[in-house]
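Each chain is listed here by its residues.
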Amino acid sequence: LNRMVRNIRVQYGLKDRYYQGLIRSYQYLTYIRKIFSDMNLPSELSYLPHVESSFNYRAYSKVGAAGIWQFMRSTGRLYNLKINYVVDERRDVFKSTKSAARFLRDNYKLLNSWPLALTAYNHGPRSLVRAKKKLKTDDINVIVEKYKGRRFKFASKNFYATFMATVEISRDPSKYFPDFKRPAEFKISKLPLDRPYTVHQLIKSLNIKKNTLKIYNPSIRSSVFRSSLYLPKGFVLHVPKTGNKGLKLYKTKLASI
């Protein structure tokens, strides 16, 4: 009994943090689910950002991971995400979700097991390949119990179990949060820039508030909002949902600058 008690770990605040992430998740959850569906991947993977970032779209970790999918720079660039002093596409929900889906698909092709593919998302695929070869199994329970990798510690060992618990809650949040009401999702329109513009020019010309642009475009670095740095030609600006007439008007306004 004493041994069991020593192995129990309690962490406070997770319920509140999860609930805040649950509210945020619905901003783009429909889109995220569609990406995984289009790539014929399990729909449950859409809930992974709960574990990674609590669906904080502007997240940066202390080790340099960014966005709801918490890509490191090297992995983000490997999956074609632009990261420079103007934009960080790891925080672009649309682009980073496609990259995350490809990364998870590659992990599954390598490991042929979703529990291992998900654990590899957190711990790295090479280490899980070594664990699988060393123990001659793809059983996540055996690997968690017996694999002694140098970095394979508490967080990695419990990553899949945490993910599955999150899936269970996220499928029916009202079961666990009786007062839960599904919030409205973000509706956006995409406005490709025909040439470089500063944020100040966009705010003034399009008559859109700075905070609105920040909320709809988390990939734009904070320094760009404080300076005269230019967003590059071809950058796809996200704006509140509007029709073809609205987009045409925006383009006319930009052309007049």
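All right, on to helix α8 (residues 125–135) then. Residues S127, L128 and A131 constitute the buried set of α8. Viewed along the axis of α8, the buried residues span an arc of 100°, placing them on a single side of the element. Residues of α8 that are exposed and point over 90 degrees away from its buried face: R126 and K133. If you follow the buried residues of α8, they end up packed against α6 (93–111), α7 (114–123) and α9 (140–146). Taken from the residues just after α8, K136 is the one with a positive phi, measuring 55°.

Another point: the confidence of the model for the protein chain. Predicted confidence across the protein chain gives a mean pLDDT of 93, with 95% of residues reaching 70 or more. Looking over the protein chain, one finds the lowest element-wise mean pLDDT in helix α1 (residues 2–6), namely 47, and the highest in α6, namely 98. Throughout residues 8–12 the model reports pLDDT below 50, and contacts reaching past four residues in sequence, or to other chains, amount to 1 contact.

With that settled, the discussion passes to the packing of α6 against α8. Packing of α6 against α8 leaves a shortest axis separation of 10 Å and a crossing angle of 20°. It follows that α6 is roughly parallel to α8 by the angle criterion. The handedness of the crossing between α6 and α8 is right-handed. Contacts from N107, L110 and L111 in α6 reach P125, L128, V129 and K132 in α8. Broken down by class, the residue content of the contact of α6 with α8 amounts to 5 nonpolar, 1 polar and 1 charged.

Per the counting criterion, the structure on display carries 18 aromatic pairs. When the centroid spacing of 5.3 Å and the interplanar angle of 70° are considered together, the rings of Y28 and Y57 count as edge-to-face. On the criterion of sequence distance, the pair formed by Y28 in the loop between α2 (14–25) and α3 (29–38) and Y57 in the loop between α4 (48–52) and α5 (73–78) is long-range, its members being 29 residues apart. Grouping residues by exposure puts Y28 and Y57 together as buried. Ring centres of F186 and Y216 lie 4.9 Å apart, and the angle between their planes is 10°; this geometry places the pair in the stacked category. Here Y216 lies in helix α14 (residues 210–216) and F186 lies in the loop between α12 (173–176) and β1 (188–192), a separation of 30 residues in the sequence.

Okay, unusual backbone geometry next. Of note in this structure, N80 is not a glycine but carries a positive phi near 65°. Summarising the element assignment, N80 is placed in the loop between α5 and α6. Accessibility expressed as a relative area gives 57% for N80, which makes it exposed. The phi torsion at K136 lies on the positive side, around 55°, for a residue other than glycine. Tracing the sequence through the fold places K136 in the loop between α8 and α9.

Judged by nonpolar contacts, the single largest core of 36 residues is most densely connected at I32, F36, L45, L48, W69, L104 and Y121. Within the residue set of this core, elements represented by two or more residues are α2, α3, α6, α7 and α11 (159–171). Of the residues forming this core, the biggest block, 6 residues, is contributed by α6. In this structure I32 touches S46, F55, I68, W69, V93 and T97, once residues within four positions along its chain are discounted. Residues V199, I208, V224 and F235 belong to the second largest nonpolar core, which totals 20 residues.

Parameters at a glance
- Residues numbered from 1 in each chain as written.
- Predicted model: local features only at pLDDT ≥ 70, side-chain atom pairs only at ≥ 80, totals over all residues.
- Heavy atoms only, no water.
- Buried < 20%, exposed > 50% of the residue type's maximum accessible area, 1.4 Å probe, protein only.
- Helix = DSSP H or I, 4+ residues; strand = E, 2+ residues; numbered from the N terminus.
- Arc of directions from axis to C-beta.
- Contact = heavy atoms within 4.5 Å.
- pLDDT = per-residue confidence, 0-100.
- Axes fitted to C-alpha atoms, helices over the stretch in contact; angles between N-to-C directions.
- Parallel < 35°, antiparallel > 145°, perpendicular 65-115°, else oblique.
- Left-handed = near helix turned anticlockwise from the far one by under 90°.
- Nonpolar A, V, L, I, M, F, W, Y, C, P; charged D, E, K, R; others polar.
- Phe/Tyr/Trp six-rings, centres within 6.5 Å; stacked < 30°, edge-to-face > 60°.
- Core = buried A, V, L, I, M, F, W, Y, C linked by side-chain atoms within 4.5 Å.

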